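# Inside the fold
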Amino acid sequence: MDEKYKKLVSKKLKQIADVYLDKDDQTQTYRAWSVDRDLTGLKSAVDNFWAEMPEGIDKLSNKINNKGVKDKIKQLITLIKSNIKICKSLNNFDTKDYTEDLNFVVSMDNIVSTRTITKDEKKHMNIINKKHLTIQRILNGK
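The following paragraphs examine the structure supplied in this document. In this text, all values refer to a predicted model and were calculated from it rather than measured experimentally.

Bringing the overall build of the protein into the picture now. Assigned secondary structure in the protein consists of five helices and zero strands. Overall, the protein shows an N-to-C arrangement of helices and strands of α-α-α-α-α. Within the protein, the proportion of its 142 residues that are buried is 18%. Contacts in the protein between residues far apart in sequence, at least 24 positions, make up 71% of those at least 6 positions apart. As displayed, the protein offers around 11600 Å² of accessible surface, 57% of which is attributable to carbon and sulfur atoms.

Here's what the structure looks like:
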């Protein structure tokens, strides 16, 4: 049994070593290829591919990239609406400010289907999100 186990371990170690040797051979081949080749043709081909992008592909990639953003915006809209609803009956909260936040986020929801949201817009929405999460914690703590 002990000899059988040693053979099995030896066989497995040989398989692992062979895989690593193959990867090393591939790496060496790619290194040699990249040093020997002039890559300007490849670069120009890639540049031309993106320059000649079919019409509509921009909208498709925009929709794919903005799917997660759109979901987060919907959650933020729900949060703000909830806070406004609760705060309307309370005297200590200014719902006008919350309505402005809601209007901004709704406008971002409309924009996200046509273009990517800028970094500054995302930062502003993050600030609004933090503010309304804090308000929600305060309201739920009452």
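So, on to helix H5 (residues 119–141). With 23 residues, H5 extends 33 Å between its outermost C-alpha atoms, agreeing within 8% with the 33 Å of an ideal straight helix rising 1.5 Å per residue. Turning to H5, its buried residues are Glu 121, Met 125, Ile 128, His 132, Ile 135 and Leu 139.

Right, let's get into the layout of surface pockets. Empty space within the largest pocket amounts to approximately 260 Å³. Residue lining of the largest pocket: Val 69, Lys 72, Ile 73, Gln 75, Leu 76, Leu 79, Lys 122, Met 125, Asn 126 and Asn 129, and that is the complete set. In terms of residues, the lining of the largest pocket owes the most to one element, helix H3 (residues 57–87), which gives six residues. By residue class, the composition of the lining of the largest pocket is five nonpolar, three polar and two charged.

What follows covers the pattern of salt bridges. Oppositely charged side chains can form a pair if their charged atoms are brought close together. Across all of its chains, the model carries six salt bridges by this definition. Of the charged contacts, one joins Asp 109 and Lys 74 as a salt bridge, the two residues approaching to 3.0 Å between their closest N and O atoms. Separated by 35 residues along the polypeptide, Asp 109 in helix H4 (residues 95–111) and Lys 74 in helix H3 bring together distant segments of the chain. A salt bridge links Lys 131 to Asp 101, with the nearest nitrogen and oxygen atoms 2.6 Å apart. Of this pair, Lys 131 sits in helix H5 while Asp 101 sits in helix H4, and the two are 30 residues apart along the sequence. For Asp 101, a relative accessible area of 7% corresponds to the buried category.

For Glu 121, the position within the fold is in helix H5. With relative accessibility at 14%, the residue Glu 121 sits in the buried group. Once you skip the residues sitting within four places of it in the chain, Glu 121 turns out to touch Phe 104, Met 108 and Arg 115.

Here the focus is the environment of Met 125. Summarising the element assignment, Met 125 is placed in helix H5. As for Met 125 and Asp 101, which are separated by 24 residues in sequence, their C-alpha atoms are 8.6 Å apart. Every residue in contact with Met 125, bar those within four places of it in the chain, is listed here: Ile 73, Leu 76, Phe 104, Met 108 and Ile 117.

Formed by 18 residues in total, the largest nonpolar core has its most connected members in Ile 73, Leu 76, Ile 80 and Val 105. With near-sequence residues (within four places) excluded, Ile 80 lies in contact with Tyr 98, Asp 101, Leu 102, Val 105, Ile 128 and His 132.

Definitions and limits used
- Residues numbered from 1 in each chain as written.
- Predicted model: local features only at pLDDT ≥ 70, side-chain atom pairs only at ≥ 80, totals over all residues.
- Heavy atoms only, no water.
- Helix = DSSP H or I, 4+ residues; strand = E, 2+ residues; numbered from the N terminus.
- Buried < 20%, exposed > 50% of the residue type's maximum accessible area, 1.4 Å probe, protein only.
- Contact = heavy atoms within 4.5 Å.
- Areas by Shrake-Rupley, 256 points an atom, 1.4 Å probe, with all protein chains shown as cover.
- Expected span 1.5 Å × (residues − 1).
- 1 Å grid on protein atoms, 1.4 Å probe; cavity = no way out; pocket = protein on both sides within 12 Å on 5 of 7 lines; lining within 4 Å.
- Points joined across faces, edges and corners; volume = space filled by probe spheres on them.
- Nonpolar A, V, L, I, M, F, W, Y, C, P; charged D, E, K, R; others polar.
- Salt bridge = Lys/Arg side-chain N within 4 Å of Asp/Glu carboxyl O.
- Core = buried A, V, L, I, M, F, W, Y, C linked by side-chain atoms within 4.5 Å.

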